[in-house]
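What follows is each chain in one-letter form.
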Amino acid sequence: GVTPPLKSKPIRTALAWQALATVAIAAFAGVWAGGHAALSAALGGMVTLSSTVVYAFVLGIGQTASAGASVVTMLRAEGAKVLVIILQLWLVLTTYKDVVLAALFAAFAVTVLLFSTALLARE
């Protein structure tokens, strides 16, 4: 059978690495610049974590045997992930008045890069 995306090793690895990086960066940001920096970093990481879950969910909806349909499904999942990222960053930047941009974007950038790296993990 086909492994559901959220149970696949690459997705689980990506989520674990993203969560660990988010906690580490939030802790560092908190020590470096206080509570708003820690929360900003946590939010930056959460944007990526939630987009990874959406990516896996959309992949799971469109699982198919043909190569062409698989490419379409992956593109759809990637598009959903990008949309979630844009909407959540917009939400954070427009509602959190004390956001610390350096912490938010540091956690966001690191967790996005970890997604790409973790997908190299084998089943």
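If you're wondering where the values come from, they're calculated on a predicted model, not measured in any experiment.

### Considerations on the overall build of the protein
Along its length, the protein carries four helices and zero strands. Starting at the N terminus, the α and β elements of the protein follow one another as α-α-α-α. For the protein, the C-alpha atoms occupy an extent of roughly 50 × 30 × 15 Å along the three principal directions. Counting over 123 residues, the protein shows a buried share of 37%. Nonlocal contacts in the protein, meaning residues at least 24 apart in sequence, comprise 72% of its contacts between residues at least 6 apart. With the model as given, the accessible surface of the protein reaches about 6,900 Å², and the carbon-plus-sulfur share is 76%.

### Some thoughts on the packing of helix α1 (residues 9-33) against helix α4 (residues 101-118)
Running from amino to carboxyl end, α1 crosses α4 at an angle of 160°, the nearest separation of the two axes being 9 Å. Relative to α4, α1 is oriented roughly antiparallel. With respect to the hand of their crossing, α1 and α4 are arranged in right-handed fashion. On α4, the residues touching Pro-10, Ile-11, Thr-13, Ala-14, Trp-17, Gln-18, Ala-21, Thr-22, Ile-25, Ala-29 and Trp-32 of α1 are Ala-102, Ala-103, Ala-106, Ala-107, Val-110, Thr-111, Leu-114, Phe-115, Thr-117 and Ala-118. Residues belonging to the contact of α1 with α4 are distributed by class as follows: 16 nonpolar, five polar and no charged.

### Quick word on the packing of aromatic side chains
For the coordinates displayed, the defined rule picks out one aromatic pair. Their ring planes at 85° and their centres at 5.2 Å tell us that Tyr-55 and Phe-115 sit as a pair that is edge-to-face. With a gap of 60 residues between them, Tyr-55 in helix α2 (residues 35-61) and Phe-115 in helix α4 connect regions that are remote in the sequence. A single burial state applies to Tyr-55 and to Phe-115, both of which are buried. Over the aromatic face of Tyr-55 sits the side chain of Lys-81, whose NZ or CZ is 5.5 Å from the ring centroid.

### Description of the nonpolar core
Grouped together as the largest cluster of nonpolar side chains are 12 residues: Ile-11, Ala-14, Leu-15, Leu-49, Tyr-55, Ala-56, Val-58, Leu-59, Ala-77, Ala-80, Phe-115 and Ala-118. Residue assignment for this core shows that the elements contributing at least two residues are α1, α2, α3 (67-95) and α4. When sequence neighbours within four positions are dropped, the list of residues in contact with Ala-14 reads Thr-52, Phe-115 and Ala-118.

### Concerning the side chain of Thr-13
Relative to the helices and strands, Thr-13 is located in helix α1. Residue classification places Thr-13 among the buried residues on the basis of a relative accessible area of 14%. For Thr-13, the side chain forms a polar contact with the main-chain oxygen of Lys-9, separated by 2.7 Å.

Rules and cut-offs
- Residues numbered from 1 in each chain as written.
- Predicted model: local features only at pLDDT ≥ 70, side-chain atom pairs only at ≥ 80, totals over all residues.
- Heavy atoms only, no water.
- Helix = DSSP H or I, 4+ residues; strand = E, 2+ residues; numbered from the N terminus.
- Buried < 20%, exposed > 50% of the residue type's maximum accessible area, 1.4 Å probe, protein only.
- Contact = heavy atoms within 4.5 Å.
- Areas by Shrake-Rupley, 256 points an atom, 1.4 Å probe, with all protein chains shown as cover.
- Axes fitted to C-alpha atoms, helices over the stretch in contact; angles between N-to-C directions.
- Parallel < 35°, antiparallel > 145°, perpendicular 65-115°, else oblique.
- Left-handed = near helix turned anticlockwise from the far one by under 90°.
- Nonpolar A, V, L, I, M, F, W, Y, C, P; charged D, E, K, R; others polar.
- Phe/Tyr/Trp six-rings, centres within 6.5 Å; stacked < 30°, edge-to-face > 60°.
- Lys NZ or Arg CZ within 6 Å of the ring centre and 35° of its normal.
- Core = buried A, V, L, I, M, F, W, Y, C linked by side-chain atoms within 4.5 Å.
- Polar contact = N/O pair within 3.5 Å; in protein donor to acceptor, adjacent residues only side chain to side chain.

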